[in-house]
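# Summary of the model geometry
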Amino acid sequence: MSAPENDIAVPTRQGEELDLRKLNDYLKVNSPELGTIICVTQFPGGYSNLTYCISTKDSEYVLRRPPFGANIKSAHDMGREFKVLAALSTSYRKIPKPIIYCESSEVIGSPFYIMERIKGVILRASTAPKLELAPSLFKTLSENLIDNLVTLHALDIHTTGLDQLGKPDGYVQRQVEGWTNRYYAAETDKLETMDAVAQWLKTHQPKAQSPAFLHNDYKYDNVVLNLDNLTEILGVLDWEMATVGDPLMDLGGTLAYWSEANDDAILKAFNFTWLPGNLTRKEVIERYAEKSQRDTSAILFYYVFGLFKNSVIAQQIYTRWKHGHTKDPRFGGLLSVIKSMGAKAAGALNSGTI
């Protein structure tokens, strides 16, 4: 049995290094209060934007930049992610403080932003099973995770100014069309299940819910937990896809990552919700409905869309790897993930259950 520990940065992957001299020159002029960066390491988790730990003599900060070789501007917009954190900072406390945004690509080769580091534990699928944590802990933690999602969806998007981050009217239709287009733009292998799911989503869109602020990638490995109390959420990370729209799209995305004990081993590798004590997908839906008082009767659509969207994200990353834009060895095996997610979505449609 291992003991949990704070999330640890490791040496930067080859080809993803930062130009420390240029970075310090920029910060000396634009954010001198940070001090001189003396060390740069990298957080190894995640499949999208790159996250670095930049250390000064006295403090540590986090720097975020788009992945090398990515050309999907809307999905890797550092300025927008910085704007989300700034807008949230007055109404939601479980976020890192945004410090500075650099629009220029002249400093490190792309736009980037820097924020404070929230130190704590990030439980991941690769580490959580080894900790042998009690089912009672997972029950409380999974309940807190869903309750925190309800809290996010309850934020007043108008008084906070969060309504300026998106266009809720027609959100579901735009999402279906947009992610379908992204899939076929990145397609490398013909998959009949993905074709069938894309067509079903196009023709089975439910009536939209009242708009809310959405995280859009809400799952265990995007929350920071208190080392001394693993049921306490200290911070929520990775706001790159946050927007305003139908909140059940957010819930569906969470459910798409929410694996259970009988699920495909490939899907279980991306989360640890299958460990004893965690809520089941059915219980997640019931708790969310109870706490939010929202109608979840059409949740099948949102769940299937979540699986489809995750498949598309995996497809985009796999395409970058196949074209040689990234050397991260994890990405070479994503085709099997795309197939499994597509099959899971098709199976849910056939059975009518999640």
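Use the structure listed above.
What this report covers is the structure whose coordinates are included nearby. (Residues numbered from 1 in each chain as written. Predicted model: local features only at pLDDT ≥ 70, side-chain atom pairs only at ≥ 80, totals over all residues. Heavy atoms only, no water.)

### Some remarks on unusual backbone geometry
Under the convention used in this document: With a 1.4 Å probe rolled over the protein chains alone, any residue whose accessible area is under 20% of its type maximum counts as buried; one over 50% counts as exposed, and the rest are partly exposed. Comment: elements are numbered from the N terminus, with helices defined as DSSP H or I runs of at least four residues and strands as E runs of at least two.
Non-glycine residue E132 carries a positive phi angle of around 50°. Owing to a relative accessible area of 54%, E132 belongs among the exposed residues under this scheme. In this structure, Q293 takes a positive phi of about 60° despite not being glycine. Tracing the backbone shows Q293 in the loop between α9 (281-292) and α10 (299-322).

### Let's talk about the nonpolar core
We apply this condition: For our purposes a nonpolar core is just a set of buried Ala, Val, Leu, Ile, Met, Phe, Trp, Tyr and Cys residues, chained together by side-chain atoms within 4.5 Å. Any two residues whose heavy atoms approach within 4.5 Å at even a single point are treated as in contact.
Ranked by size, the top nonpolar core spans 91 residues in total, and within it L88, L123, L201, F213, W239 and F308 carry the most contacts. If you tally residues by element for this core, the top one is α10, at 14 residues. Each residue touching F308, except ones within four places of it in the same chain, is listed here: W179, T180, Y183, M194, V197, A198 and L201. The next biggest cluster of nonpolar side chains, apart from the first, holds 18 residues, and it includes I37, C102, V107 and I108.

### Observations regarding helix α6 (residues 192-203)
We apply this condition: One less than the residue count of a helix, multiplied by 1.5 Å, gives the span that helix is expected to have. Think of the arc as the fan of directions from the helix axis to the C-beta atoms.
Its twelve residues give α6 an end-to-end C-alpha distance of 17 Å, which sits within 8% of 16 Å, the value for a rise of 1.5 Å per residue. When α6 is considered as a whole, its buried residues turn out to be M194, V197, A198, W200 and L201. Projected down its long axis, α6 carries its buried residues within an arc of 165°, all on one side. Pointing more than 90 degrees away from the buried face of α6 are the exposed residues E192 and K202. In this fold, the buried residues of α6 make contact with α5 (171-186), α10 and α11 (334-351).

### Here's the deal with the environment of A185
Within the secondary structure, A185 sits in helix α5. Given a relative accessible area of 70%, A185 falls into the exposed group. Separated by 144 residues in sequence, A185 and T41 place their C-alpha atoms 33 Å apart.

### A closer look at the pattern of salt bridges
Note the cut-off: Think of a salt bridge as a Lys or Arg side-chain nitrogen and an Asp or Glu carboxyl oxygen that are within 4 Å of each other.
All told, the structure shown has 19 salt bridges when counted by the stated rule. The salt bridge partner of K219 is D221, with a shortest N-O separation of 2.6 Å. A relative accessible area of 11% places K219 in the buried class. On the basis of relative accessible area, D221 is assigned to the partly exposed category, the value being 24%.

### Considering the side chain of T56
Secondary-structure assignment places T56 in the loop between β2 (50-55) and β3 (60-65). Taking relative accessible area as the criterion, T56 reaches 10% and is therefore assigned buried. Setting aside residues up to four positions removed in sequence, T56 forms contacts with L34, G35, T36, I37, I38 and Y61.

### What about the pairing of β2?
Let me state the cut-off plainly: A pair of strands is labelled paired if DSSP reports no fewer than 2 bridges between them.
Burial analysis of β2 places six of its six residues in the buried class, the great majority of the element. Alternating residues of β2 divide into L50, Y52 and I54 and T51, C53 and S55, and every residue in both groups is buried. Pairing between strand β1 (residues 39-42) and β2: four bridges, direction antiparallel. If you follow V40 over to β2, its bridge partner there is I54. The pairing of β2 with β3 spans six bridges and is classified as antiparallel. Among the inter-strand pairings, Y52 is bridged to a residue of β3, identified as L63. Linking β2 back to β3 in an antiparallel pair, the connection comprises four residues.

### Brief notes about α9
Along an α-helix, residues three or four positions apart point the same way, because every turn accommodates 3.6 residues. Along its twelve residues, α9 runs 16 Å from first to last C-alpha, staying within 8% of the 16 Å computed at 1.5 Å per residue. Those residues of α9 not exposed but buried are R281, V284, I285, R287, Y288, A289 and S292. Residues of α9 that are buried sit in contact with α4 (135-153), α7 (247-257), α10 and α11. Positioned one or two residues after α9, Q293 has a phi angle of 60°, which is positive.

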